[in-house]
Amino acid sequence: MSSHIAASISFHLTEKPFVMCHDYGTNRTPILAVQDTHAALALAARDDLAPAEHLRFARELMAAVSAYAAAVETYTAASAAQLT
């Protein structure tokens, strides 16, 4: 039997989302936090995760967020063009 637990989370933002990085320097791992009206998400590496793995994940996350931003720019540009 596997000891892994699978989960899926959907986070639909409202007009007032708040994103913040809690940076503790070299004292502990940083925490990425997303808060909205009725939901919150905190993302941090486990203490036993190797620093190289944490860095790899952070870089993958950054690439995915950059791709998301580019897709939102394309979507909003198309939406704005339809209004004119």
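If you're wondering where the values come from, they're calculated on a predicted model, not measured in any experiment.

Colleague: Could you give an account of the overall build of the protein chain, with specific residues and numbers?
Modeller: Across its full length, the protein chain holds one helix and three strands. Helices and strands appear in the protein chain in the N-to-C order β-β-β-α. Taken over the C-alpha trace, the protein chain has a radius of gyration of 17 Å; the compact-globule value for 84 residues is 12 Å, which it surpasses by more than 25%. Taken along the three principal axes of its C-alpha coordinates, the protein chain extends 55 × 35 × 25 Å. Carbon together with sulfur atoms contributes 62% to the accessible area of the protein chain, which is approximately 7,600 Å² in total. Side-chain charges of the protein chain comprise 5 positive and 8 negative groups, with the mean position of each set lying 3 Å from the other.

Colleague: Let's hear about the sheet that holds strand β2 (residues 31-35): which residues, and what values?
Modeller: Ordered in space as β1-β2-β3, the three strands form an open sheet in which the pairing is antiparallel. The open sheet terminates on both sides in strands that have one partner only, identified here as β1 (18-22) and β3 (40-43). Each strand axis lies, on average, 15° off the axis of its neighbour in the sheet, ignoring direction. Note: β2 against β3, four bridges, orientation antiparallel. Each bridged residue has a counterpart across the sheet, and for Val34 the counterpart in β3 is Leu41.

Colleague: Can you lay out the side chain of Asp36 for me, pointing to particular residues and giving the numbers?
Modeller: Tracing the backbone through its elements, the reader meets Asp36 in the loop between β2 and β3. One polar contact links Asp36 to Thr14, side chain to side chain, over a distance of 2.5 Å. Within polar-contact distance, the side chain of Asp36 engages the side chain of Thr37 at 3.5 Å.

Colleague: Break down the environment of His4 for me, with residues and values.
Modeller: Mapping His4 onto the fold places it in the segment before β1. In sequence terms His4 and Leu49 are 45 residues apart; their C-alpha atoms lie 16 Å from each other.

Colleague: Go over a nonpolar patch on the surface with me, naming the residues and quoting the values.
Modeller: Taken together, the side chains of Val19, Leu32, Leu43 and Phe57 make up a nonpolar region of the molecular surface, amounting to roughly 310 Å² of accessible area. Residue placement: Val19 occurs in strand β1.

Colleague: Run through the pattern of salt bridges, naming residues and quoting values.
Modeller: A side chain with one charge can pair with a side chain of the opposite charge if their charged atoms come near. Under the definition given, this model contains three salt bridges. Between Asp48 and Arg46 there is a salt bridge, with the nearest N and O atoms lying 2.8 Å from each other. Accessibility classification places Asp48 together with Arg46 in one group, the exposed group. In this structure, Arg56 engages Glu53 in a salt bridge whose closest nitrogen and oxygen atoms are separated by 3.0 Å. Taken together, the residues span about one helical turn, with Arg56 and Glu53 both in helix α1 (residues 51-83) at a distance of three residues.

Calculation notes
- Residues numbered from 1 in each chain as written.
- Predicted model: local features only at pLDDT ≥ 70, side-chain atom pairs only at ≥ 80, totals over all residues.
- Heavy atoms only, no water.
- Helix = DSSP H or I, 4+ residues; strand = E, 2+ residues; numbered from the N terminus.
- Rg over C-alpha atoms; globule rule 2.2 N^0.38 Å.
- Areas by Shrake-Rupley, 256 points an atom, 1.4 Å probe, with all protein chains shown as cover.
- Lys, Arg positive; Asp, Glu negative; His and termini not counted.
- Charge placed at Lys NZ, Arg CZ, Asp CG, Glu CD.
- Pairing = 2+ DSSP bridges.
- Axes fitted to C-alpha atoms, helices over the stretch in contact; angles between N-to-C directions.
- Polar contact = N/O pair within 3.5 Å; in protein donor to acceptor, adjacent residues only side chain to side chain.
- Patch = residues over 30% accessible without salt bridge, like charges linked within 9 Å, V, L, I, M, F, W, Y side chains within 5 Å.
- Salt bridge = Lys/Arg side-chain N within 4 Å of Asp/Glu carboxyl O.
- Buried < 20%, exposed > 50% of the residue type's maximum accessible area, 1.4 Å probe, protein only.

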